[in-house]
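Each chain is listed here by its residues.
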Amino acid sequence: MFSLDWIYYAISWILLTWHSAWDAIGVPVDAVIGTNFAWILAIVFLVVTVRVILFPVFVKQIKSQRAMQALQPQVKALQEKHKGDRETLQKEMMELYRKEKANPLMGCLPMFLQIPVFLGLFHVLRRLDPAKQAKTLYGWSVEQFDSASNAKLFTAPIAGKFGSTTDELARLGANGTTVKVIAGILVLVMMGTTYLTSRQMILKTGWAEDPQQRMIQRLMLYGIPLSLLVSGAIFPIGVIIYWVTNNLFTLGQQQWVLRKYPPPPTATSKATSGARNPVQPAKSAGLFGRSKPAPQAPAKATAPKVAGPKPGAKPANPKKGRPAKRQG
C-alpha cells in the first residue's frame, strides 16, 4: 500500500521550522487575546512556502489557459462541423490540442498539487490530541506536540472542529459553543473566498466555449464552495485557516499574474475592433461582476445643412428693399 508518511514528515518539518522561527523572533508562545500567534503564523507561512514553490506551475497554468482561449474559434468551428457526433468531436478536439500543444487539464494542476499538502496538514492537525501516546511521530518532540495541542484561535483549539464530539472537546479543554462559532465563521469565509478565487479567474479569462471546460468552470465556481458547507464540519480549525490563507494568497497572485499576462483578444473583440466603433473600449468587470461603462466622448455639434436652390429656379424669398429696374 502506498504510504503518505513522506508528506506528513514534510508538512511537519515546514510547520515546526516556521514555529521555531517565530519563537526565535520573539512572537509570544503563550496565548494573547486567546490566540497562540506563533502557531497561527506557522500555518500561514506554510501556505506561503507551498505557494512560492508552486509559483512556476501557476504561471504555466495561466499560459495554458491563454493557449486554450486562442483556440476557441477553432473549437467552435469543430462543434458546428460535428454537431450531434460527440465521439468524432472529442477526437478532433484532442487532435487539435495535441497539435497546438495545449493541455485542458493544466488549469487544474496547481489545485491538484496542493491536495497532498492539504491532506498532510489535515492528518497532522487531527493527531493533536493530548490523549495520543505517539507524540514524537513525524519528527515532533513531546514539547512541540503539547504546545500545538494547546494552541488556540480566540480560545478555540486549532485541532478542534465544528463537528467535534463532547469527548474530543473535553480532551482539548475547549468550550463546544466557542468552537462551533469560530469554526462556523471560518467555514463561511472559506466558502466565500473559494468562490471569489474562481470568479476572479472566470471574469478575467471568460467562459470557455468547450462544453467540458465550461462544466469544469461551473464546478469550480459553484460546486466546490457549496461542498465546503458540508465537508467544512470535519476540518480542524487549523486546516480552515490554511484554506482561507491559501485563497487570499491566490486572489493576490492571480491579480498580479493576470495583469502581467492579460487575456488575448478574442475573435469577437477583433471583429468589433474593425466595426463602426473601433476605439470604444470594452466594458470591464470588477471582482464582484459590477460592470464599469466605458466613458464616451462628447459628440461634436455640427451646423445644420441648408439645401441650395435648384439651377434655373426663381428665388423663393427675394430680398426686400432692392430697387426695381427702370424701363427706358
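This is a predicted model, so every value here is computed, not measured.

(A) The arrangement of the overall build of the protein in detail. If you tally the helices and strands in the protein, you get 11 helices and four strands. For the protein, buried positions account for 38% of its 328 residues. A sequence separation of at least 24 residues applies to 71% of the contacts in the protein between residues at least 6 apart. When the accessible area of the protein is evaluated, it comes to approximately 20700 Å², of which 62% is carbon and sulfur surface.

(B) Representation of the environment of Gly232 in the model. Within the element layout of this structure, Gly232 appears in the loop between helix H9 (211-231) and helix H10 (237-260). Note: C-alpha distance between Gly232 and Leu186 (46 residues apart in sequence) is 8.9 Å. Those residues within four positions of Gly232 in sequence are excluded, and the remaining contacts are Val187, Met190 and Ile240.

(C) The packing of aromatic side chains, seen in detail. Under the defined criterion, the tally for this structure stands at 13 aromatic pairs. Geometrically, the ring pair formed by Tyr9 and Tyr138 is edge-to-face, given 5.4 Å between the ring centres and 90° between the ring planes. Remark: Tyr138 occurs in the loop between helix H5 (109-126) and helix H6 (142-149) and Tyr9 occurs in helix H1 (residues 5-25); sequence separation between them is 129 residues. A residue is classified by how much of its surface remains accessible, and Tyr9, at 42% relative accessible area, is partly exposed. Taken together, the ring pairs in this structure connect Phe118, Phe122, Phe235 and Trp243 into an aromatic cluster. The residue whose ring lies beneath Lys180 is Phe162, and the NZ or CZ to ring-centre distance is 5.6 Å. When the ring centre of Trp207 is taken as reference, the NZ or CZ atom of Arg218 above it lies at 4.9 Å.

(D) Spotlight on the packing of H5 against H10. Contact pair H5 / H10: the axes reach a minimum separation of 9 Å and the direction vectors enclose 155°. Here H5 lies roughly antiparallel to H10, going by the angle between them. Contact with H5, carried on its side by Gln114, Val117, Phe118, Leu121, Phe122 and Leu125, involves Gly238, Val239, Tyr242, Trp243 and Asn246 of H10 and no other residues of that element. Residue classes in the contact of H5 with H10 are distributed as eight nonpolar, three polar and no charged.

(E) Main features of the confidence of the model for the protein. Put simply, the protein has an average pLDDT of 80, and 77% of its residues get 70 or more. Under a pLDDT of 50 for its full length, residues 267-294 has, in the predicted model, 22 contacts with residues more than four places off or in other chains.

(F) Highlighting the pattern of salt bridges. All told, the structure shown has five salt bridges when counted by the stated rule. Linking Lys83 and Glu80 is a salt bridge whose minimum nitrogen-to-oxygen distance equals 3.4 Å. Assigned by exposure class, Lys83 and Glu80 land together as exposed. Lys135 is paired through a salt bridge with Asp146; the nearest N and O atoms lie 3.0 Å apart. Here the residue Lys135 occupies a position in the loop between H5 and H6, and Asp146 occupies one in helix H6, the gap between them amounting to 11 residues.

(G) Fine view of unusual backbone geometry. Of note, the phi angle at Phe154 is positive, near 50°, even though the residue is not glycine. Among the structural elements, Phe154 can be located in the loop between strand E1 (152-153) and strand E2 (156-157). Relative accessible area serves as the criterion here: at 46%, Phe154 is assigned to the partly exposed category.

(H) Local environment of the nonpolar core. Counting residues in each nonpolar core, the largest one holds 49 residues, and the members touching the most others are Trp140, Phe235 and Ile237. When residues of this core are traced back to their parent elements, those giving at least two are H1, helix H2 (37-70), H5, H6, helix H7 (166-172), helix H8 (176-205) and H10. If you look at the next biggest cluster of nonpolar residues, it comprises nine residues, including Met68, Leu71, Met93 and Leu96.

Definitions and cut-offs
Residues numbered from 1 in each chain as written. Predicted model: local features only at pLDDT ≥ 70, side-chain atom pairs only at ≥ 80, totals over all residues. Heavy atoms only, no water. Helix = DSSP H or I, 4+ residues; strand = E, 2+ residues; numbered from the N terminus. Buried < 20%, exposed > 50% of the residue type's maximum accessible area, 1.4 Å probe, protein only. Contact = heavy atoms within 4.5 Å. Areas by Shrake-Rupley, 256 points an atom, 1.4 Å probe, with all protein chains shown as cover. Phe/Tyr/Trp six-rings, centres within 6.5 Å; stacked < 30°, edge-to-face > 60°. Lys NZ or Arg CZ within 6 Å of the ring centre and 35° of its normal. Axes fitted to C-alpha atoms, helices over the stretch in contact; angles between N-to-C directions. Parallel < 35°, antiparallel > 145°, perpendicular 65-115°, else oblique. Nonpolar A, V, L, I, M, F, W, Y, C, P; charged D, E, K, R; others polar. pLDDT = per-residue confidence, 0-100. Salt bridge = Lys/Arg side-chain N within 4 Å of Asp/Glu carboxyl O. Core = buried A, V, L, I, M, F, W, Y, C linked by side-chain atoms within 4.5 Å.

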